[in-house]
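Tertiary structure, described
The primary structure of each chain is shown beneath.
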Amino acid sequence: MSILDNRPGLAHEVGQVAEVAGYLWQKGWAERNGGNITVNITEHIDDAIRAMPAISEPKPIGMTLPNIKGCYFYCKGTNKRMRDLARWPMDNGSVIRILDDCAHYEIIADKPVAPTSELPSHLAVHNYLIGKGSNYKASVHTHPIELVALSHCKKYLEKDVASRLLWSMIPETKAFCPRGLGIIPYKLPSSNELAEATIKELGDYDVTLWEKHGVFAVDTDVMAAFDQIDVLNKSALIYIQARNMGFEPDGMSDEQMREMTVAFNLPK
Ligand code: 2HA
Ligand code: ZN
């Protein structure tokens, strides 16, 4: 028995997470247990699920997050591998319920798989998204090789330098990642400081680059969040390939960028 049985909406949502987990592994962005995914699945929750008993003790989130009271999330499990989650999402992740104190959660299905070590970042982000009335439901943290490589150079950590460079490599990048790439200076993984810094940048960006670590992206669903990371990383790859061929790529001109920003009705 699984919580996904006879719940096509919920099964589809978790199926999308599994599909993306497979892509992250195939791309080499998810070594060992690297990366994590959480999805707000509250819209798929019925009375039978609300009545389901917990299969864990209540556990502290580490912060109080009033907007996610009573919400449900699918979370990748801590120490679990994306490549395993791709095949067995309910053995390598679980469904949690946020308790009424907004400071604890409990696992309700299918197995007592402890959620990701980045749970405070993820839940704080979901709390922030709900608070601003966003329809974004998914957050993805992963270690895309070329974007992380860029983050090792001070020049690319200056505000919007990487965004402009990546947008100029191929027109689609700005079209499909119109808000660009926010930059978060290095912070200890799993820390509240990292969560707070990420939330601040998500006011202006859907994808943020954690210096010397990875990216954190949000969007309406997990596939859309993955796509934004993928187009940015594709641009980083093109840039690096050009450099490897021995030249600094010209990039699209300011005029070409302006033309396509207008034609695609994108934010400046
Ligand atoms: O979950 O990537 O940042 C493993 C990580 C933590
Ligand atoms: Zn990480």
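Above this text is the structure in question.
In this text the structure is predicted, and so the values were computed from the model without any measurement.

Here we take up the packing of aromatic side chains. Within the structure shown, the criterion is met by 4 aromatic pairs. Geometrically, the ring pair formed by Tyr156 and Tyr239 is edge-to-face, given 6.1 Å between the ring centres and 75 degrees between the ring planes. Of this pair, Tyr156 sits in the loop between helix H5 (145-150) and helix H6 (161-167) while Tyr239 sits in helix H9 (residues 222-244); the two residues are 83 residues apart in sequence, bridging distant segments of the chain. Tyr239 carries the same exposure label as Tyr156, and that label is buried. Considering the side-chain rings of Trp210 and Phe216, the 5.6 Å spacing of their centres and the 25 degrees angle between planes classify their relative orientation as stacked. Here Trp210 matches Phe216 in class, with each residue buried. What links up through ring pairs into an aromatic cluster is the set Tyr23, Trp29 and Phe226. The positively charged end of Arg83 is found above the aromatic ring belonging to Trp25, 4.6 Å away from the centroid.

On to the site of ligand 1, then. Residues in contact with ligand 1, as listed here, are Asn33, Gly34, Gly35, Asn36, Ser117, Glu118, His141, His143 and His213. Residue Gly35 places a main-chain N or O atom 2.9 Å away from an oxygen atom belonging to ligand 1. Within the complex, the protein chains bury 88% of what would otherwise be the 220 Å² of accessible surface of ligand 1. The class makeup of the residues in the shell around ligand 1 is no nonpolar, 8 polar and 1 charged.

How each quantity is defined
Residues numbered from 1 in each chain as written. Chains lettered and ligands numbered in written order. Predicted model: local features only at pLDDT ≥ 70, side-chain atom pairs only at ≥ 80, totals over all residues. Heavy atoms only, no water. Phe/Tyr/Trp six-rings, centres within 6.5 Å; stacked < 30°, edge-to-face > 60°. Helix = DSSP H or I, 4+ residues; strand = E, 2+ residues; numbered from the N terminus. Buried < 20%, exposed > 50% of the residue type's maximum accessible area, 1.4 Å probe, protein only. Lys NZ or Arg CZ within 6 Å of the ring centre and 35° of its normal. Near = heavy atom within 4 Å. Polar contact = N/O pair within 3.5 Å; in protein donor to acceptor, adjacent residues only side chain to side chain. Areas by Shrake-Rupley, 256 points an atom, 1.4 Å probe, with all protein chains shown as cover. Nonpolar A, V, L, I, M, F, W, Y, C, P; charged D, E, K, R; others polar.

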